[in-house]
Amino acid sequence: MARLVTQAKRTLADGRDVVTAERLSKEELQKMNAYWRACTYLAAGMIYLRSNPLLREPLKPEHIKQRLLGHWGTSPGLSFMYVHLNRLINKYDLDAIFLAGPGHGAPGVLAPTYLEGTYSEVYPTKAEDENGMREFFKEFSFPGGIGSHCTPETPGSIHEGGELGYSISHAFGAAFDNPDLLVTVAVGDGESETGPLATSWHANKFLNPVRDGAVLPILHLNGYKINNPTLLSRIPREELADLFTGYGWTPYFVEGDDPERMHQEMAATLEDCVLEIRRIQQEARANGTPRRAHWPMIVLRTPKGWTGPKDVDGHKVEGFWRAHQVPLAGVHENPAHFKQLEGWLRSYRPDELFDEKGRLIPELKALAPKGTRRMSANPRANGGLVRKALRMPDFRDYAIKVDKPGQASAENTRPLGRFLRDIMRENMTNFRVFGPDETTSNKLDAIYEASKKLWLADYRPEDADGGELSPDGRVLEMLSEHTLEGFYEGYLLSGRHGFFSTYEAFAHIIGSMFNQHAKWLEISRELPWRAPVSSLNLLITSTVWRQDHNGFTHQDPGFIDLVLNKSADVCRIYMPPDANSLLSVADHCLRSTNYINVIVSDKQQHLQYMTMEQAIEHCTKGLSIWPQASNDQGSEPDVVMATAGDIPTKEALAAVVMLRENFPDLKIRFINVVDLLKLTPSTEHPHGLSDRDFDSLFTTDKPIIFNFHGYPWLIHRLTYRRTNHKNLHVRGYKEKGNINTPLDLAIRNQIDRFSLAIDVIDRVERLRVAGAHVKEKLRNMQIDCQNYAYEYGVDKPEVDQWTWPH
């Protein structure tokens, strides 16, 4: 190894090398390097070994896993960061957590988690001894064990890092309203090429140094992805520094491959960054004025696969893309590889690091923080432990007065905005609202009476006129759904609450993030040590049937199709038809834990159908017969008219009126569905109806006309096993749209009142011939409505202003 350096050198953003006194004594340096050696040994052992964990006998083929899985390349760098953070946690009593953006480097995080004892506390069979280490090695990327990322099974993790791009936004979410917390986030240079990650560097404009914690990104430039160089590693340092300076960061560079020199440089740089963060916070908190800060960040350039095999079969490995996953993959077939593997593992000298029982030697064990100061045991990374229930006003106090059903109109989301406003007032340290430039558009702007939009960038005089901006606002808006969703997830996973609203068509932007969070919750529910966190609540609004003005690109109700792909234990979908049912649903969702609740509700004027007590009853059941729209009491219906969604409900009610006017003896049962998962069998979803209850409501042999908010095949997917599925006819969005009037859009997709009434005539056997004249009349009325819209640009007043007449 190289000789001890006497000075540490770090590089500032302007390229100047600054020589500082070394921060580590010779003894500290030796111990830290030994601790890091232990980490890298464990990281390699996880990938390769299933027995003989300390190499106390010559390595044999049966000691090695048959299937070699894992990512070695980034693991040594992750452990390197972790070890240096531990030093500063001890020195300054820091409250800190660590996020690994390149979560596929989990061995580099699991290793220090095991060495500091947390892993063995959570999983006693992985004890701090030789047998425990053997089990620890074996379970990694092994059937019945754990995955190869920083999964929920990893103590201290709130970011899996499987799908890349969200590490920074998750880190900021955790730092919000946690004034003493330092969130260090390792950012992979491959990850940095993703759109969400590139945008999330702007998150520093949302960190209030008075009330929030700090985020310290460490961009890990190891140069390569799976099979390609990374862009940021191949541009000049000056250009890279300019990039981050332009983002508003103060970048520091630590670069090299000599461990002892790099330990000194990292110790100095990381400590200076921590002290700079403290200075920023102390100044802001002393004068009480939140200002945008130029927070420090570190660019750490180390070889990919650092300390691993330098070359294999004459090909470069360390410092090249071949180190990304398993650097010696042919150990079972190639004796030379087998020999090289043993030499590599023994180069870490595990006999010097672990005692005769397989425990880390005491002088190295002492380097780890204690108790909850360990990053792997910090309760902020198991947010349910610190979660406090929201202080909730009574949602009934925000009810719309409904004297007669279907007579008066109101904006469905407007009362919800007032409800959220007062939730905000009661929870000013653990509740935030997120939305991509749409809070006002979505009629939730009453929230601004409690808290404005967070804004720490520059202000202009005109902002005072309706800008609703404030440096201490609690509404976060940015035209990046990815960044906001990451903020929200990080905020929830560290123990707080929130609410997210977005346009329906663009909810797809966060579809893959939703997927990842749903998977995280599904695994977390199986881990008794992970306390439940607040549910993720998504309001999907500005919906397809009121996007007649924006046109085809804004018409897409398919996000709920994606939601239904996820676990029944995690996902819920609600379609409240009016304002009072929306309030009831929102109250339920905001009180829940460990779910993703998707609420679909439009923001425009809609008919109001239920008193608050009726809405509560309806939402509690999830679906129900509406007696005011049904006339089959005491008998079997001729047809069932079912609906889910606000506009489909209105059109179906209008169809019922026309049918009753033309066929007074026609028996109609009207069912509205607010909890979409009620349609599934009870064997498939905890909310599902039993077959007996479903048959009682929907009959076993009568036609069902289902007017649905989304794509029609989704209802068939939910009900295909039901007795009467053969008689189920679903209307929904069929990709027929443009710049339309609301009724014209409904007609083009056949969810309008005329099409529904014709559907009933076609499917009630006794009306198929007898109803021909009525069908003709309805079709003429439909054509007349379209012609009127094409001439005047609006719907006919009697259609637009239609109300329930009974």
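What counts as what
Residues numbered from 1 in each chain as written. Predicted model: local features only at pLDDT ≥ 70, side-chain atom pairs only at ≥ 80, totals over all residues. Heavy atoms only, no water. Helix = DSSP H or I, 4+ residues; strand = E, 2+ residues; numbered from the N terminus. Rg over C-alpha atoms; globule rule 2.2 N^0.38 Å. Contact = heavy atoms within 4.5 Å. Lys, Arg positive; Asp, Glu negative; His and termini not counted. Charge placed at Lys NZ, Arg CZ, Asp CG, Glu CD. Phe/Tyr/Trp six-rings, centres within 6.5 Å; stacked < 30°, edge-to-face > 60°. Buried < 20%, exposed > 50% of the residue type's maximum accessible area, 1.4 Å probe, protein only. Lys NZ or Arg CZ within 6 Å of the ring centre and 35° of its normal. Pairing = 2+ DSSP bridges. Axes fitted to C-alpha atoms, helices over the stretch in contact; angles between N-to-C directions. Expected span 1.5 Å × (residues − 1). Right-handed = clockwise from strand over helix to strand, strands pointing away. Salt bridge = Lys/Arg side-chain N within 4 Å of Asp/Glu carboxyl O. Disulfide = S-S within 2.5 Å.

Caption draft 1: Molecular detail of the overall build of the chain. Scanning the chain from terminus to terminus reveals 26 helices and 24 strands. Here the C-alpha radius of gyration of the chain, 31 Å, is about what a compact globule of 806 residues would show, namely 28 Å. The C-alpha extent of the chain, read off along each of the three principal axes, is 100 × 65 × 45 Å. Expressed as a percentage of contacts within the chain between residues at least 6 apart in sequence, the contacts between residues at least 24 apart total 77%. Mean positive and mean negative side-chain charge positions of the chain (93 and 104 charges, respectively) differ by 2 Å.

Caption draft 2: Spatial organisation of the packing of aromatic side chains. Throughout the structure, instances matching the rule amount to 38 aromatic pairs. Seen in terms of ring centroids, Phe 136 and Phe 137 are 6.3 Å apart; in terms of plane orientation they differ by 35°. Their pairing is tilted. Phe 137 carries the same exposure label as Phe 136, and that label is buried. With a centroid separation of 6.0 Å and an interplanar angle of 85°, the aromatic rings of Trp 201 and Trp 249 are classed as edge-to-face. Taken together, the residues span a long stretch of sequence, with Trp 201 in the loop between helix 7 (195-200) and strand 5 (214-221) and Trp 249 in the loop between helix 8 (237-247) and strand 6 (250-255) at a distance of 48 residues. Among the residues examined, Trp 201 registers a relative accessible area of 2% and is labelled buried. Judged by relative accessible area, Trp 249 falls into the buried class, the value being 2%. Of the aromatic side chains, those joined through ring pairs into one cluster are Tyr 41, Tyr 114, Tyr 119, Tyr 123, Phe 136, Phe 137, Tyr 348 and Trp 529. When the ring centre of Phe 253 is taken as origin, the NZ or CZ atom of Arg 237, which lies over that ring, is 5.5 Å away.

Caption draft 3: Broad picture of the sheet that holds strand 20 (residues 623-625). Ordered in space as 20-22-21-23-24, the 5 strands form an open sheet in which the pairing is mixed. Strands at the two margins of the open sheet, each flanked by one partner only, are strand 20 and strand 24 (728-731). Neighbour-to-neighbour, the strand axes of the sheet open up by a mean angle of 20°, direction not taken into account. One ladder, built from 3 bridges, connects strand 20 with strand 22 (residues 668-673); its direction is antiparallel. Bridge pairing in strand 22 links Leu 623 to Val 673.

Caption draft 4: How the structure looks around helix 9 (residues 259-287). The end-to-end C-alpha separation of helix 9 is 42 Å, in line with the 42 Å expected for 29 residues at 1.5 Å each. Gly 288 occupies a position one or two residues after helix 9 and carries a positive phi of about 70°.

Caption draft 5: How the structure looks around the pairing of strand 5. Buried residues dominate strand 5, accounting for 8 of its 8 residues. Each parallel crossover has a hand, and for strand 4 (residues 181-188) linked through helix 7 to strand 5 it is right-handed. With 4 bridges connecting them, strand 5 and strand 7 (residues 296-301) associate as parallel partners. Residue pairing in the sheet places Ile 218 in a bridge with Ile 298 of strand 7.

Caption draft 6: How the structure looks around the pattern of salt bridges. According to the stated counting rule, one finds 52 salt bridges in the structure shown. The residue Lys 31 makes a salt bridge to Glu 27 at a minimum N-O spacing of 3.0 Å. Of the two residues, Lys 31 and Glu 27 both sit in helix 1 (residues 26-48), 4 residues apart, roughly one turn of that helix. Asp 701 is the salt-bridge partner of Lys 702, the closest N and O atoms lying 3.1 Å from each other. The class of Asp 701 is partly exposed, set by a relative accessible area of 45%. If you follow the salt bridges from partner to partner, you end up with Arg 23, Arg 87, Lys 91, Glu 271 and Asp 272 in one network.

Caption draft 7: How the structure looks around helix 14 (residues 481-493). A rise of 1.5 Å per residue sets the reference length of helix 14, with its 13 residues, at 18 Å; its end C-alpha atoms lie 18 Å apart and thus fit the reference within 8%. Taking burial as the measure, the 13 residues of helix 14 include 12 buried ones, the bulk of the element. Of all the residues in helix 14, the buried ones are Glu 481, Thr 483, Leu 484, Glu 485, Gly 486, Phe 487, Tyr 488, Glu 489, Gly 490, Tyr 491, Leu 492 and Leu 493. After helix 14 finishes, the residue Gly 495 shows a positive phi value of roughly 105°.

Caption draft 8: Inspection of the environment of Ile 146 at higher detail. Along the chain, Ile 146 turns up in the loop between helix 5 (130-139) and helix 6 (167-175). Spatially, the C-alpha atoms of Ile 146 and Ala 381 are 18 Å apart, while their sequence positions differ by 235 residues. If we skip the residues at most four places from it in the chain, Ile 146 touches Leu 110, Tyr 119, Glu 139, Phe 140, Ser 141 and Glu 153.

Caption draft 9: Region of interest: unusual backbone geometry. With phi around 50°, Asp 93 is a residue other than glycine that occupies positive phi space. Note that Asp 93 resides in the loop between helix 2 (75-92) and strand 3 (95-100). For Asp 177, which is not glycine, the phi torsion reads 60° and is therefore positive. Turning to its location among the elements, Asp 177 is positioned in the loop between helix 6 and strand 4.

Caption draft 10: Examining the state of the cysteines more closely. Under the definition given, this model contains 0 disulfides. Cys 571 forms no disulfide, and the closest cysteine sulfur to it belongs to Cys 589, at a distance of 12 Å. Classification of Cys 571 as buried rests on a relative accessible area of 4%.

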